[in-house]
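Summary of structural features
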Amino acid sequence: MPTEARGKDELIWIGDLQFKQQCKNSYSRNILFIGPSISRMLLSTLVWLAMYGKLFKPMSFNDIWKYAKNKSPLIKQVWLISACIILKELWFQKNKNFFEEIKPNIHSFKCRIMKLVNEGGLRITGNKWNQNYDLSIIAVFNLGLRNSKFQEIRECQWLPPDFGFTMFCCDGSSLENPGAAGFGVVVREHYCQVLGTLTRGIGIASNYKAQVYAIICAMELATKWCKEKIIIVSDTQTVVNEFVHG
């Protein structure tokens, strides 16, 4: 069994920005080395993976992560799976390069990534957007049929209050029920002009409490402004009935 030398700690390697390490001890030389060929393969794969349509040129995983934030839930999950697969496969390529002296092949590397992303598609549950970009990604990785949420334009109308009345439109909600909650109030006159707005967070609460707080604060605001003719509008009938009937 080896014994402790009980000597001072010694620095055996120093890393630089080109992913190279300069080792002092011969036995540890190149163990942590990532050669320029693999570094170029990584950047080339990142560009190839994200550049369907030449939208941007990523230089790191952080660039792809930021880019995915403005994409559909399906694309976000594809990028997450792809980034993890690239990281894993790149580590395997580095080990093969050092221990087996097998040079990395960018073509087989890409094919391997496409195969693993396709297999990981079974765990992808996000919805797609009906855009050419989403459809091209689905086709390239052969992800099959994917659900999409259709958006439609619905006609709606808003009637101003009678002359001399002030309308307080109240609403409240929570991220979960209960959860982080808040409410908002929009005040309008009979000419549809916005007199003021009020928003506030109330911490952890239910949707019901958030709706109640919205109406209470609206009435307090009406009292402060000396408004006698007011209309309270809320989309929760239960809360409205409780204020009407006590």
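Conventions adopted
Throughout this description, residue numbers start from 1 for each chain and increase along the sequence as written. Under the rules for a predicted model, residues below a pLDDT of 70 receive no local features and side-chain atom pairs below 80 are neither given nor counted, while totals for whole chains, interfaces and linings still include all residues. Working from all heavy atoms in the structure, the side-chain values ignore hydrogens and water. Each helix corresponds to a stretch of at least 4 residues labelled H or I by DSSP, and each strand to a stretch of at least 2 residues labelled E; elements are numbered beginning at the N terminus. Each residue is assigned to one of three classes by its accessible area relative to the maximum for its type, calculated with a 1.4 Å probe on protein chains only: buried under 20%, partly exposed between the two thresholds, exposed over 50%. Any two residues whose heavy atoms approach within 4.5 Å are treated as being in contact. All accessibility values rest on the Shrake-Rupley procedure with a 1.4 Å probe; residue burial counts only the protein chains present in the view. Note on scores: pLDDT gives the predictor's confidence for each residue, bounded by 0 and 100. Patch members must show over 30% relative accessible area and no salt bridge, and they are joined within 9 Å when carrying like charges or within 5 Å when they are nonpolar side chains of Val, Leu, Ile, Met, Phe, Trp or Tyr. Put simply, a salt bridge is a Lys or Arg side-chain nitrogen that is within 4 Å of an Asp or Glu carboxyl oxygen. In this scheme, a helix's expected span is set at 1.5 Å multiplied by one less than its residue total. Nonpolar core, defined: a set of buried Ala, Val, Leu, Ile, Met, Phe, Trp, Tyr and Cys residues in which side-chain atoms within 4.5 Å join the residues together. Ring geometry is summarised as follows: Phe, Tyr and Trp rings, the Trp one being its six-membered ring, pair when their centres sit within 6.5 Å, and such pairs are stacked at plane angles under 30 degrees, edge-to-face over 60 and tilted between the two. Comment: the charge-over-ring label is applied if NZ (Lys) or CZ (Arg) is within 6 Å of the ring centre and within 35 degrees of the ring normal. Two strands qualify as a pair provided DSSP detects at least 2 bridges between them.

Observations concerning the overall build of the protein chain
Helix and strand counts for the protein chain stand at seven helices and six strands. Among the 246 residues that make up the protein chain, the fraction classed as buried is 33%. Excluding contacts between residues fewer than 6 apart, the proportion of contacts in the protein chain whose partners are at least 24 apart in sequence is 55%. Of the accessible surface of the protein chain, which amounts to about 17,300 Å², a share of 56% is contributed by carbon and sulfur atoms.

Some thoughts on the confidence of the model for the protein chain
Close inspection of predicted coordinates is inappropriate in any region flagged by low pLDDT. Counting all residues, the mean pLDDT for the protein chain is 76, and 74% of those residues have values of 70 or more. Overall, residues 15-36 carries pLDDT values under 50, and its contacts beyond four positions in sequence, including any with other chains, amount to 35 contacts. Note that pLDDT drops below 50 for residues 50-55; the model gives that stretch 13 contacts with residues more than four away or on any other chain.

A short note on a nonpolar patch on the surface
Together, Ile 216, Met 219, Ile 232 and Phe 243 make up a nonpolar patch on the protein surface, roughly 280 Å² of accessible area in all. Along the chain, Ile 232 falls in strand 6 (residues 230-233). Overall, Ile 232 belongs to the partly exposed group, its relative accessible area being 31%.

Notes on the side chain of Thr 166
In this fold, Thr 166 is placed in strand 3 (residues 166-174). If sequence neighbours within four positions are ignored, Thr 166 has contacts with Val 187, Arg 188, Leu 195, Lys 227, Lys 229, Ile 230 and Ile 231.

Describing helix 3 (residues 73-99)
Taking 1.5 Å per residue, 27 residues should reach 39 Å; helix 3 reaches 40 Å between its end C-alpha atoms and fits that length. Among the residues of helix 3, Leu 74, Ile 75, Val 78, Trp 79, Ile 81, Ser 82, Ile 85, Ile 86, Glu 89, Leu 90, Gln 93 and Lys 94 are the ones counted as buried. Positioned one or two residues after helix 3, Glu 101 has a phi angle of 55°, which is positive.

Let's talk about unusual backbone geometry
A positive phi angle, near 55°, is found at Glu 101, a position not held by glycine. For Glu 101, the position within the fold is in the loop between helix 3 and helix 4 (106-120). Residue Glu 101 is classed as exposed on the basis of its relative accessible area, which comes to 68%. Of note in the backbone geometry, Cys 192 takes a positive phi value of approximately 70° without being a glycine.

Focus: the pattern of salt bridges
Taken as a whole and assessed by the stated rule, the structure comprises three salt bridges. Glu 89 is the partner of Lys 88 in a salt bridge, and the nearest nitrogen-oxygen pair spans 3.6 Å. The buried category is assigned to Glu 89, whose relative accessible area is 6%. A salt bridge links Lys 115 to Glu 119, with the nearest nitrogen and oxygen atoms 2.6 Å apart. Taken together, the positions of Lys 115 and Glu 119, both in helix 4 and four residues apart, correspond to about one turn of that helix. Owing to a relative accessible area of 44%, Lys 115 belongs among the partly exposed residues under this scheme. Where salt bridges share partners, they join Lys 88, Glu 89 and Arg 112 into one cluster.

Regarding the nonpolar core
Among the nonpolar cores identified, the biggest contains 20 residues, and Val 78, Trp 79 and Ile 137 are the most heavily contacted of them. For this core, the secondary structure elements donating two or more residues are helix 2 (61-68), helix 3, helix 4 and helix 5 (132-141). The dominant element in this core, judged by the number of residues it contributes, is helix 3, at eight residues. The next biggest cluster of nonpolar side chains, apart from the first, holds 14 residues, and it includes Ile 215, Leu 221, Ala 222 and Val 239.

Concerning the packing of aromatic side chains
Taken as a whole, this structure holds one aromatic pair when the rule is applied. Between Phe 98 and Phe 99 the ring centres are 4.8 Å apart and the planes differ by 85°, which places this aromatic pair in the edge-to-face class. Looking at Phe 99, the relative accessible area reads 60%, which means it is exposed. Here the basic side chain of Lys 71 rests over the ring of Tyr 133, its NZ or CZ set 4.5 Å away from the ring centre. Stacked on the ring of Trp 91, the Lys or Arg Lys 94 has its end atom at 4.4 Å from the ring centre.

Remarks on the pairing of strand 3
Of all nine residues in strand 3, seven are buried, a share of seventy percent or more. Judged from the four bridges that link them, strand 3 and strand 6 form a sheet pairing that is parallel. Pairing of Thr 166 across the sheet is with Ile 230, part of strand 6. The sheet contact formed by strand 3 and strand 4 (residues 179-188) spans eight bridges and is antiparallel. Pairing of Ser 173 across the sheet is with Gly 182, part of strand 4. Counting the residues that bridge the hairpin from strand 3 to strand 4 gives four residues.

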